[in-house]
Amino acid sequence: MSMSQPESNQRQLWAVMYHYVRDLPNTRFPRIKGMLTEDFRKQVDLLSSRYEMATLESSLDFLGGRYQPQRDLCLLVFDDGLKEHYSDVTPILAERNIAGLFFVITGCIEDGRVASVHKNHFLLAALDFAEYKQAFLERLAEISPETSTEVDIEKVRTTYRWDTPDVAAFKYLLNFNLTEAQRERVLNDLFARYLGDETEFARELYVSWDEVRRMQSAGMLIGGHTHSHVALSTMGDPQQQADLKQCSQLLRERLTPQALWPFSYPYGQAHSFNEVTVQTLQDLDFACGFVTEVGPNEVNRDLFRIRRIDPKDV
């Protein structure tokens, strides 16, 4: 998949999805998979030269058939509420009058904890993969010896396009096949053993509420990314409804009011959420939902299944 102009006059919306944007060689974890800050700056300038840089409002107007741009639209979106989104990304976008969308995990900011997905990322970056996988599976076997480690290979491929097959299969096992209790217990033990205090780590990794409000003042738009960053389809209906409600309440209580509140599904594939998720988001007055399924978006696209692409697809 790459961003290309359609052969017809039918315009498209491209939503480019970012996570880590940092000066990787000069960080504690240079093996984290992310984008160099300078490469991000260059990519933003390239996209600005080729596309109309969209806001959420212009994107939704386009998808609803109320706005016809002269060029394809490009919307920049950022998951997880990482500290560099405030310190590095926001100034780059503000200088260019680009309104990025930033999806925050409310529990990480409010409770000072590291999401399991990020514990896994940083353990992968800190340890040799074979060593980490062995330590993980040994601890899992100790606490839950009957747990199967088999995974659906096709779902693995579509969920983790940029990982090697063994790393992708491991991530899928961790994020989708294990229960939340199993995953948290093993990761908490390994994180404490290898990386130290979780609260201090969270303070360094994520934005604070005050920083998020400053991002809003700089013209950025904030959205929800759940309270706990667990694949919503793996939760029971009451549990996911409670998680989404808590996320929504904290956004509205802690932040400056917005006319529109967008949402990004953790992991983002079709199997990672369900109709209960979408109905709950609509009931909570979220304006739209972004998936990680790859591709452009045309007029009349389902607003709760807006597709995105990776920076490597640009």
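Located above this text is the structure these notes cover.
Residues numbered from 1 in each chain as written. Predicted model: local features only at pLDDT ≥ 70, side-chain atom pairs only at ≥ 80, totals over all residues. Heavy atoms only, no water.

1. Thoughts on the packing of aromatic side chains
Each pair of aromatic rings is reported with the distance of its centres and the angle of its planes.
1) Next: In total, this model carries 19 aromatic pairs according to the counting rule given.
2) Next: Between Tyr 132 and Phe 136, the aromatic rings sit 6.3 Å apart at their centres with planes inclined by 85°, giving edge-to-face as the arrangement. Taken together, the positions of Tyr 132 and Phe 136, both in helix H6 (residues 129-143) and 4 residues apart, correspond to about one turn of that helix.
3) Next: According to the relative accessible area criterion, Tyr 132 is buried, its value standing at 0%.
4) Next: Note on Phe 136: relative accessible area 0%, which makes it buried.
5) Next: Ring geometry for Phe 263 and Tyr 265: centres 5.5 Å apart, planes at 75°, overall edge-to-face. The pair formed by Phe 263 and Tyr 265 is uniform in burial state, with each residue classed as buried. (Phe/Tyr/Trp six-rings, centres within 6.5 Å; stacked < 30°, edge-to-face > 60°. Helix = DSSP H or I, 4+ residues; strand = E, 2+ residues; numbered from the N terminus. Buried < 20%, exposed > 50% of the residue type's maximum accessible area, 1.4 Å probe, protein only.)

2. Considerations on the pairing of strand S1 (residues 13-18)
1) Next: For S1, the buried fraction is high: 6 of the 6 residues fall into the buried class.
2) Next: Burial of the side chains of S1 extends over both faces: Leu 13, Ala 15 and Met 17 are buried on one face and Trp 14, Val 16 and Tyr 18 on the other.
3) Next: Bridge count between S1 and strand S3 (residues 73-80): 6 bridges; the pairing is parallel. Its bridge partner being in S3, Ala 15 is matched across the sheet by Leu 75. (Pairing = 2+ DSSP bridges.)

3. So, the environment of Leu 82
1) Next: Take Leu 82: it is sitting in the loop between S3 and helix H3 (83-95).
2) Next: For Leu 82, a relative accessible area of 0% translates into the label buried.

4. Regarding unusual backbone geometry
1) Next: Despite not being glycine, Asp 285 shows a phi value in the positive range, around 65°.
2) Next: The exposed category is assigned to Asp 285, whose relative accessible area is 59%.
3) Next: Not every positive phi belongs to a glycine, and Asn 300 is a case in point at roughly 75°.
4) Next: Checked against the element boundaries, Asn 300 lands in the loop between strand S7 (288-294) and strand S8 (306-308).
5) Next: In this structure Asn 300 comes out as exposed when scored by relative accessible area, which is 64%.

5. Examining the side chain of Asp 72
1) Next: As for its placement among the helices and strands, Asp 72 is situated in the loop between helix H2 (56-63) and S3.
2) Next: A distance of 3.1 Å separates a polar side-chain atom of Asp 72 from the backbone nitrogen of Gln 12. (Polar contact = N/O pair within 3.5 Å; in protein donor to acceptor, adjacent residues only side chain to side chain.)

6. Overview of the environment of Ala 231
1) Next: Position of Ala 231 among the secondary structure elements: in the loop between strand S5 (221-224) and helix H12 (237-254).
2) Next: Here the alpha-carbon distance between Ala 231 and Gly 268, two residues 37 residues apart in the chain, equals 8.4 Å.
3) Next: Contact partners of Ala 231, with chain neighbours within four places excluded, come to Asn 175, Phe 176, Tyr 267 and Ser 272. (Contact = heavy atoms within 4.5 Å.)

7. Here's the deal with the pattern of salt bridges
1) Next: All chains considered together, the criterion is met by 25 salt bridges.
2) Next: The partner of Asp 72 in a salt bridge is Arg 11, and the shortest N-O contact between them spans 4.0 Å. One end of the pair, Asp 72, is in the loop between H2 and S3; the other, Arg 11, is in the segment before S1, and 61 residues separate them in sequence.
3) Next: Judged by its relative accessible area of 0%, Asp 72 falls in the buried class.
4) Next: A salt bridge links Asp 79 to Arg 308; its shortest N-O distance comes to 3.1 Å. One end of the pair, Asp 79, is in strand S3; the other, Arg 308, is in strand S8, and 229 residues separate them in sequence. (Salt bridge = Lys/Arg side-chain N within 4 Å of Asp/Glu carboxyl O.)

It is worth stressing that arrangement in space is one thing and function is another; only the former is reported here.
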